[in-house]
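# Descriptive analysis of the structure
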Amino acid sequence: MAAGGLEAWRVFCAVELPERLREQVAGRAERLRRSFPRVRASWVRPESLHLTLKFVGEVGPARVEDLSDAAGRAAAGGGAFELTVEGAGTFPPHGPPRVLWLGVRDASGGLARLQSRLEGECAAAGFAREPRAFSPHLTLARVREPRDARDLAAAHRETPFDPQTFAVNELIVMRSELRPGGSHYTPVSRHQLSK
């Protein structure tokens with residue numbers, strides 16, 4: 001609950017993926033899940049795939065509007081760009097894997113500039129800066145139990161993912177609601193990148 005008894009919203013800022021790319025990434029996750037049925041992991045659903053630029057956490061409804069305003073200013077500061085999804089890895093890179101991910105290549109630097117503007121605008125609006133360096137990636141799975149996970153991680157890293165390039169032309173503020181079937185995401189506001 002937020003101050004004043006109002007419900008807090010769990011929010012973040014993200015870039016959506018084209019449906020074709022979401023299906024390809026989810027297909028890869030499904031093939032890995034079927035190949036390693038003994039590994040306890042939470043696998044991503046196609047509709048949940050996105051590229052997070054800033055996770056804010058729980059805030060009151062009035063602060064959600066402040067976040068949307070900050071995202072709008074960040075989006076207005078730069079134009080559309082392209083990203084390429086390629087490469088596969090795990091967090092942490094050594095030891096028992098906890099997260100399986102696909103890499104995101106930002107050849108133009110557009111994503112890094114957008115994320116930097118977003119951090120700056122959010123900080124100016126009173127939101128905490130992310131202490132870790134921004135590392136763009138798409139999460140495929142979160143490993144819940146390390147048993148048999150090393151083989152899964154090795155198969156994931158060694159299986160090529162055909163590079164897929166897509167255009168980014170908007171920044172979205174999303175609400176995340178935890179439900180029995182997993183997180184459900186709802187766009188709160190959409191902000192077009194300037195042309």
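In what follows, the accompanying structure is described. In this text, all values refer to a predicted model and were calculated from it rather than measured experimentally.

### Regarding the overall build of the chain
Of the regular secondary structure elements, the chain holds 4 helices and 9 strands. Mapped from its N terminus to its C terminus, the chain presents α and β elements in the order β-α-β-β-α-β-β-α-β-α-β-β-β. A compact globule built from 195 residues should have a C-alpha radius of gyration of about 16 Å, and the chain, at 17 Å, falls within 12% of that. Here the C-alpha coordinates of the chain stretch approximately 45 × 40 × 30 Å along the principal axes.

### Remarks on the environment of L53
Along the chain, L53 falls in strand 3 (residues 50-59). What makes L53 buried here is its relative accessible area of 4%. For the pair L53 and P92, spaced 39 residues apart in the sequence, the C-alpha separation amounts to 20 Å. With residues up to four places along the chain from it excluded, the contact list for L53 reads C13, A14, V15, L111, L114, Q115, L118, F134 and L171.

### Some details on the environment of T159
You can see T159 is positioned in the loop between helix 4 (149-158) and strand 7 (164-168). Residues T159 and A128, 31 residues apart in the sequence, show an inter-C-alpha distance of 37 Å.

### Digging into the side chain of T84
Checked against the element boundaries, T84 lands in strand 4 (residues 81-91). Residue classification places T84 among the buried residues on the basis of a relative accessible area of 7%. A polar contact of 2.8 Å, which involves the side chain of T84, links it to the side chain of T165. Apart from the residues within four sequence positions on either side, T84 is in contact with G103, V104, R105, P163, Q164 and T165.

### Here we look at the layout of surface pockets
Approximately 1,100 Å³ is the volume found for the largest pocket. Residue lining of the largest pocket: 36 residues in total, with H50, T52, H137, T139 and R142 positioned closest to the centre. Split into classes, the residues belonging to the lining of the largest pocket amount to 17 nonpolar, 11 polar and 8 charged. Size it by volume and the second largest pocket reaches roughly 200 Å³. Of all the elements, strand 9 (residues 182-192) adds the most residues to the lining of the second largest pocket, at 4 residues. Class assignment for the residues of the lining of the second largest pocket results in 5 nonpolar, 4 polar and 4 charged.

Criteria and thresholds
- Residues numbered from 1 in each chain as written.
- Predicted model: local features only at pLDDT ≥ 70, side-chain atom pairs only at ≥ 80, totals over all residues.
- Heavy atoms only, no water.
- Helix = DSSP H or I, 4+ residues; strand = E, 2+ residues; numbered from the N terminus.
- Rg over C-alpha atoms; globule rule 2.2 N^0.38 Å.
- Buried < 20%, exposed > 50% of the residue type's maximum accessible area, 1.4 Å probe, protein only.
- Contact = heavy atoms within 4.5 Å.
- Polar contact = N/O pair within 3.5 Å; in protein donor to acceptor, adjacent residues only side chain to side chain.
- 1 Å grid on protein atoms, 1.4 Å probe; cavity = no way out; pocket = protein on both sides within 12 Å on 5 of 7 lines; lining within 4 Å.
- Points joined across faces, edges and corners; volume = space filled by probe spheres on them.
- Nonpolar A, V, L, I, M, F, W, Y, C, P; charged D, E, K, R; others polar.

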